[in-house]
Every structure is written in C-alpha cells, then in structure tokens.
Amino acid sequence: MDSAGQDINLNSPNKGLLSDSMTDVPVDTAVAAPTPAVEGLTEAEEEELRAELTKVEEEIVTLRQVLAAKEKHCGELKRKLGLSTLEGLKQNLSRSWHDVQVSNAYVKTSEKLGEWNEKMTQSDLYKRTQETLSQAGQRTSAALSTVGSAISRKLGDMRNSATFKSFEDRVGTIKSKVVGGRENGSDSLPSPTGSGDKPLPDHTPF
C-alpha cells in the first residue's frame, strides 16, 4: 500500500504522522495592507497629521517649561521687592475682575439686565405698584398728622380743665411761699421738728 492509501487505524503505530504529500501543502504568507485609522484619510494624510500632532505636543512641553521659568523669576522679583503673597493675590483678583468686566459675556449680561430693568420700570404692573405705595405713604402721613392733632387738642382740653387749673394754683401757691421764705432770710424750709430758727444747744464737754 502506498503512502496515499495509508490506513487511519487509531491502533496503528504510524498514527499522528503526516505523509510527505501533506507537508508540501503551500501556505499563503501574504500580509494584509494596514487600513487607515480614520476613514476617509489616505496614508499620506495620516502621516502628515501624526507629524503635526507630535510637533504641537513638543511645543506645549516647551511652553510649559518657559512658563515655569517665568513664574519662578517673577516670584524672585516679588521677594526682592518685598511684595507679599497677599498683595500678589489682590493684583491677580483685580486683573481677573477687569478681564471679566471686559469680557463679551459680562457685557452682554449687563446689557440684558439693563433691558430687563427698563422693561420692568415701564410696565403697567410696576407703575401700579409704585402708585399704590405712594398712596399708602400719603395715607400713613395723614393718619399720623391726625393723631398728632388729636393729642394736641386733648392736652389743650386738659390744660383748660378745672382739675388742671386747681393743680396749677396749688403749685403757684407753694412756689410763692418758698420764694417769700427766701426773701425773709430763710434759705431752708421749716424744720419738721418745729424748732424753727432756734440754735442747737452747745454741748461743750467738761
């Protein structure tokens, strides 16, 4: 039996061995061409973009190094001039606020707020509210004026009453007595013990 007609008995001592004809089977060793990473780009365009990306990344690294050196030099100058960190922070905040004020977003927002304010002040609701508050203020002032007039009138009635006049007469009588006593040489009211102007006995010790 030739090699092409070999049996495939599993118990054969030649199992697992390939024939010479099977070892000569040709194998396709061609490698598929690489496809572009992005559809629609040619290989040349992809290489050009990769080169540009590498160049930009190198420039970013260089700029970061330059910025770090500039910041270090700026810190040394501030330290020599005696500028504190707080002053530097104030300058940065002031500069940042100025940048915000001149930014397009801030300008547009300010203009928008101005338009809203103008529309609100010109609206009928705002005018009615302002008129209502004005009327309420006038009514409050009138009410306070009425209360003040009533109090003044009440005090005048009390002053013209018999009770107030009697009290006023009593006060005038007491005042006359005090003034008359001072004119007679007595600068003090009579003593409650009834001793009058009698001098106190002189208790001279033995």
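Residues numbered from 1 in each chain as written. Predicted model: local features only at pLDDT ≥ 70, side-chain atom pairs only at ≥ 80, totals over all residues. Heavy atoms only, no water.

An unreviewed UniProt entry lists the protein chain under the name Tumor protein D54 isoform X5, from Hipposideros armiger. Taken from UniProt, the Sequence similarities (unreviewed entry) comment for the protein chain reads in full: "Belongs to the TPD52 family." (UniProt positions renumbered as here; feature names shortened; annotations may be inferred.)

Asks: How should the overall build of the protein chain be read in this particular structure?
Replies: Counting secondary structure elements, the protein chain contains 6 helices and 0 strands. Written out in order from the N terminus, the α and β elements of the protein chain read α-α-α-α-α-α. Here the protein chain, with 206 residues, has 2% of them falling under the buried criterion. On the protein chain, roughly 19600 Å² of surface is accessible, and the fraction owed to carbon and sulfur atoms is 58%. (Helix = DSSP H or I, 4+ residues; strand = E, 2+ residues; numbered from the N terminus. Buried < 20%, exposed > 50% of the residue type's maximum accessible area, 1.4 Å probe, protein only. Areas by Shrake-Rupley, 256 points an atom, 1.4 Å probe, with all protein chains shown as cover.)

Asks: In this structure, what is going on with a nonpolar patch on the surface? I would like to understand it.
Replies: A contiguous nonpolar surface patch, about 340 Å² in accessible area, is contributed by Trp97, Val100, Tyr106 and Val107. Those elements giving two or more residues to the nonpolar patch turn out to be helix 3 (85–101) and helix 4 (104–121). The class of Val100 is partly exposed, set by a relative accessible area of 37%. (Patch = residues over 30% accessible without salt bridge, like charges linked within 9 Å, V, L, I, M, F, W, Y side chains within 5 Å. Salt bridge = Lys/Arg side-chain N within 4 Å of Asp/Glu carboxyl O.)

Asks: Looking at this structure, how should I read the UniProt feature "coiled-coil region" (unreviewed entry) in the protein chain?
Replies: Residues annotated by UniProt as "coiled-coil region" (unreviewed entry) correspond here to residues 39–73. Across residues 39–73 one finds 89% helix and 0% strand; the C-alpha atoms that close the span lie 48 Å apart.

Asks: Any chance you could explain the packing of aromatic side chains here in plain terms?
Replies: Both the distance between ring centres and the angle between the ring planes are used here to describe each pair of aromatic rings. Across all of its chains, the model carries 1 aromatic pair by this definition. Relative to Tyr106, the ring of Trp97 lies with its centre 5.8 Å away and its plane at 80°, an arrangement referred to as edge-to-face. Judged by its relative accessible area of 46%, Trp97 is partly exposed. (Phe/Tyr/Trp six-rings, centres within 6.5 Å; stacked < 30°, edge-to-face > 60°.)

Asks: What exactly am I supposed to notice about the pattern of salt bridges here?
Replies: Proximity of charged atoms lets side chains of opposite charge pair with each other. Using the criterion set out here, one finds 1 salt bridge in the structure. With a closest N to O distance of 3.1 Å, Arg50 and Glu46 form a salt bridge. Taken together, the residues span about one helical turn, with Arg50 and Glu46 both in helix 2 (residues 43–81) at a distance of 4 residues. The exposure class assigned to Glu46 is buried, which follows from its relative accessible area of 15%.

Asks: I'm lost on the confidence of the model for the protein chain in this one. Help?
Replies: One rule of thumb: low pLDDT means the predicted coordinates there are not for detailed reading. On average, residues of the protein chain score 74 in pLDDT, and 68% of them reach the 70 mark or higher. Summarising per-element confidence for the protein chain, the mean pLDDT is lowest in helix 1 (residues 20–23) (47) and highest in helix 2 (93). Taken together, the stretch residues 1–8 has pLDDT below 50 and engages in 3 contacts with residues farther than four places along the chain or on a different chain. Under a pLDDT of 50 for its full length, residues 15–23 has, in the predicted model, 3 contacts with residues more than four places off or in other chains. (pLDDT = per-residue confidence, 0-100. Contact = heavy atoms within 4.5 Å.)

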